[in-house]
Amino acid sequence: MKNNKIIVAVLIVVIASGLAVYVRYSTTKNISSISEPVTPSAVVLYDNTEYGFTFSLPDTWKGYSVIKNTWEGNPLIATSIKETGIKLIVRNPKWTPNLPYEDIPILIFTVAQWDSYVAGNFAISAAPIEAIELARNNLYVFALPPRWDFDYSEGHQEAQDIVASRPIKAYFLQQ
């Protein structure tokens, strides 16, 4: 009988200690994982009506520019053809030739191109890393190219934080 009381007392202490540790660390974890929003209440919004998406930027990017370029996809199988598409580069307004800030590139695929890319029919980079789908609408898939930030340009952490905030929202386009 005395052994049962000791076992029960030890179990209560162990459970209470475990609960206290859980509450302590889960609260600390939640507090530490809460960060300031990447985009303050004043948001700069890029609206691309041609491809059907918006892209939210922090107000520090007021005066940003968008550079239209192309991406190329090289065939990986004999029956594939070379693919091309639009690449939009969202550029920080602080960017200069002497101090280039990290750009945020957005690759635009048709849905058929994206399906072919995911199937492994062509590659858009020599790196064995795939592009990351950011959003899609009824006509296009918007993706982040592999290794887009591996040059660690000035402001790369800010650009990564913007991308991590899921700033792109796609909307339906009439065909």
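Scroll up to find the structure this text is about.
Reading the values: rules and limits
- Residues numbered from 1 in each chain as written.
- Predicted model: local features only at pLDDT ≥ 70, side-chain atom pairs only at ≥ 80, totals over all residues.
- Heavy atoms only, no water.
- 1 Å grid on protein atoms, 1.4 Å probe; cavity = no way out; pocket = protein on both sides within 12 Å on 5 of 7 lines; lining within 4 Å.
- Points joined across faces, edges and corners; volume = space filled by probe spheres on them.
- Helix = DSSP H or I, 4+ residues; strand = E, 2+ residues; numbered from the N terminus.
- Nonpolar A, V, L, I, M, F, W, Y, C, P; charged D, E, K, R; others polar.
- Buried < 20%, exposed > 50% of the residue type's maximum accessible area, 1.4 Å probe, protein only.
- Arc of directions from axis to C-beta.
- Pairing = 2+ DSSP bridges.
- Contact = heavy atoms within 4.5 Å.
- Axes fitted to C-alpha atoms, helices over the stretch in contact; angles between N-to-C directions.

J.: So what's going on with the layout of surface pockets? Which residues, and what values?
T.: Of the pockets and cavities examined, the largest pocket occupies roughly 290 Å³. If you go around the largest pocket, you meet 20 residues; those closest to its centre are Lys-87, Pro-105, Pro-145, Pro-146 and Trp-148. Elements with a contribution of two residues or more to the lining of the largest pocket: β3 (65-75), β4 (83-91) and β5 (104-110). In terms of residues, the lining of the largest pocket owes the most to one element, β3, which gives three residues. Taken together, the residues that form the lining of the largest pocket break down as 11 nonpolar, three polar and six charged.

J.: Outline helix α3 (residues 156-164), supporting the account with residue identities and numerical values.
T.: An α-helical turn contains 3.6 residues, so a residue and the one three or four places further along point in the same direction. Among the residues of α3, those classed as buried are Ala-159, Ile-162 and Val-163. All buried residues of α3 project into a common sector of 95° when viewed along the axis, lining one side. Where α3 ends, the next residue or the one after it, Arg-166, has phi of about 55°, a positive value.

J.: Describe the sheet that holds β4, and please don't skip the residues or the numbers.
T.: An order of β6-β3-β4-β5-β8-β7 is seen for the six strands of this open sheet, with the pairing classed as antiparallel. Each edge of the sheet is formed by a strand with only one pairing partner; in this case those strands are β6 (122-123) and β7 (132-136). Relative to β6, β3 is paired through two bridges, and the arrangement is antiparallel. From the neighbouring strand, Asn-74 faces β6, where its bridge partner is Ala-123. Across the sheet, helix α2 (residues 111-118) lies against β3, β4, β5, β6, β7 and β8 (140-144), angled at about 100° from β5, the strand it touches most.

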